[in-house]
Amino acid sequence: MSSDETGQTPDARGRRDAVREKAQQVKARQSRNRVLRLSAILLVGFAAVAGAAYWVTSAVLPTLSEPTINPTAMTDDGVVIDRTLQQETAGEVPEEPAEEGEAPAPEETAATEPIRIHLFVDYLSEAAGEFQRANATQLTEWVDQGAVELVYHPVALLTSKSNGTKYSQRAAGAAACVYEHAPEAFIAFNNELLTNQPPVDSDGYTDAELADRAIATGADDTKAVRACIENEDFFGWAREATERALNEPLPGTDDVSLTGAPMILVNGEPYVGSLDKPEEFAAFLLALDSEEYLKTAQPEDESEGQ
């Protein structure tokens, strides 16, 4: 059998060509498989991106763009507790206004307005609970006497201290729900949340448990209160109210902003004394009230001396 110039016979050349062709086919098939795998990966990536975009569009963006529901009964994000509300809460009949020609009641002849106390409270703050337990009785007496007007501001500074459940924010929203739909129960519910607090770094009460406590403290419109709390109607408001307190001057002040909870302002002056000593807080009020009285009386006294 003749061979070519390379020394190979025709049979050898045929086998060599067959092997080369087979190798080219395998290489071509591997190239196609790589292209198909790359295409599949790209398609999966595109699908994931499209899915994420859909989720953001359908779930996140509506939440971000959903308008915040604000409570309508509050004043400067706070609940005003005066003698009238306290009497109604206790089931007492408010005093009738004096008829024309009658002398007003003695307590209504005071030369100065009631002392305005703003209390910014986080329902997870142990210090806020401490102040409430120590001072609730004398605060109630002062309001009954018409000497003091309280304004409770629920805030959410410890939202991150409840294992991700955002208890502070939910509790503040729940307090707003109670005042919005059952104001007669707010004083008791506010006291309940401050004096029977869950521990810091716990889950806190669930929305259902908050609703149960609101109803147990005397909320009449149980259906509206439960729906408001469990639907977290004022959850967004609680966050925004806290941001306003942190970034804007607080009521009755020119340049004081929220720095912690509790924060207690007496006629615009921050109280920095002991939280668990009622006598110390009373002395602070007495000193401020005396100063206000002297400021009011001084012009008259000076005119009498001339």
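Residues numbered from 1 in each chain as written. Predicted model: local features only at pLDDT ≥ 70, side-chain atom pairs only at ≥ 80, totals over all residues. Heavy atoms only, no water.

Observations concerning the overall build of the chain
- A count of helices and strands for the chain gives 9 helices and 5 strands.
- Reading the chain from its N end, one meets helices and strands in the order α-β-α-β-α-β-α-α-α-α-α-β-β-α.
- Considering only residue pairs separated by 6 or more positions, the chain has 71% of its internal contacts joining residues 24 or more positions apart.
- Approximately 17800 Å² of the chain is accessible, and the part contributed by carbon and sulfur atoms is 52%. (Helix = DSSP H or I, 4+ residues; strand = E, 2+ residues; numbered from the N terminus. Contact = heavy atoms within 4.5 Å. Areas by Shrake-Rupley, 256 points an atom, 1.4 Å probe, with all protein chains shown as cover.)

Notes on the state of the cysteines
- Applying the stated criterion to the full structure yields 1 disulfide.
- Linked covalently through their sulfurs, Cys177 and Cys228 form a disulfide whose S-S length is 2.0 Å. In this structure the cystine formed by Cys177 and Cys228 twists about its S-S bond by roughly -75°; its chirality is therefore left-handed. Of the two residues, Cys177 is situated in helix H4 (residues 167-181) and Cys228 in helix H7 (residues 222-230); the sequence distance between them amounts to 51 residues.
- The class of Cys177 is buried, set by a relative accessible area of 1%. (Disulfide = S-S within 2.5 Å. Buried < 20%, exposed > 50% of the residue type's maximum accessible area, 1.4 Å probe, protein only.)

Describing the side chain of Gln86
- Looking at where Gln86 falls in the secondary structure, it is placed in helix H2 (residues 83-89).
- Setting aside chain neighbours within four positions, we find Gln86 in contact with Ile81, Thr140, Val143, Asp144 and Ile187.

Some thoughts on helix H5 (residues 186-195)
- Among all positions of H5, only Phe186, Phe189, Asn190, Glu192, Leu193 and Leu194 are buried.
- Close packing links the buried residues of H5 with strand E1 (79-81), strand E2 (115-121), helix H3 (126-144), strand E3 (148-154), H4 and helix H6 (207-216).

Focus: the nonpolar core
- Within the largest apolar cluster, 52 residues are counted, with the highest numbers of intra-cluster contacts made by Ile117, Leu150, Tyr152, Phe186, Ile229, Ile264 and Phe281.
- Ranked by the residues each element gives to this core, the list is headed by H4, at 9 residues.
- Among residues more than four places away in sequence, those in contact with Phe281 are Ile117, Phe131, Asn135, Gln138, Leu139, Trp142, Ile264, Val266 and Tyr271.
- Listed in part, the 8 residues of the second largest apolar core include Phe120, Leu250, Met263 and Leu265. (Core = buried A, V, L, I, M, F, W, Y, C linked by side-chain atoms within 4.5 Å.)

Topic: the environment of Asp77
- Within the secondary structure layout, Asp77 lies in the loop between helix H1 (10-65) and E1.
- Taking the C-alpha atoms as reference points, Asp77 and Tyr152, separated by 75 residues in sequence, lie 8.7 Å from one another.
- Ignoring any residue separated from it by four or fewer positions in sequence, one finds Asp77 in contact with Tyr152, His153, Pro154, Trp237, Ala241 and Arg244.
- Here Trp237 takes part through its side chain, which lies 3.0 Å from a polar atom of the side chain of Asp77.
- At 2.9 Å, the side chain of Asp77 forms a polar contact with the side chain of Arg244. (Polar contact = N/O pair within 3.5 Å; in protein donor to acceptor, adjacent residues only side chain to side chain.)

Looking at the environment of Glu184
- Along the chain, Glu184 turns up in the loop between H4 and H5.
- Judged by relative accessible area, Glu184 falls into the partly exposed class, the value being 25%.
- Separated by 95 residues in sequence, Glu184 and Thr89 have C-alpha atoms that sit 4.9 Å apart.
- Apart from the residues lying within four places of it in its own chain, the contact partners of Glu184 are Thr89, Gly218, Ala219 and Asp220.
- Looking at Glu184, its side chain comes within polar contact range of the main-chain nitrogen of Asp220, at 2.9 Å.

Some thoughts on the packing of aromatic side chains
- Applying the stated rule across the entire model yields 6 aromatic pairs.
- Ring geometry for Tyr167 versus Tyr205: centroids 5.9 Å apart, planes at 80°, classification edge-to-face. Placement of Tyr167 in helix H4 and of Tyr205 in the loop between H5 and H6 is noted, with a sequence separation of 38 residues between them.
- Through a chain of ring-to-ring contacts, the aromatic side chains of Phe131, Trp142, Tyr271, Phe281 and Phe284 assemble into a single cluster.
- Directly above the ring of Tyr205 sits Arg213, whose terminal nitrogen or CZ lies 3.9 Å from the centroid. (Phe/Tyr/Trp six-rings, centres within 6.5 Å; stacked < 30°, edge-to-face > 60°. Lys NZ or Arg CZ within 6 Å of the ring centre and 35° of its normal.)

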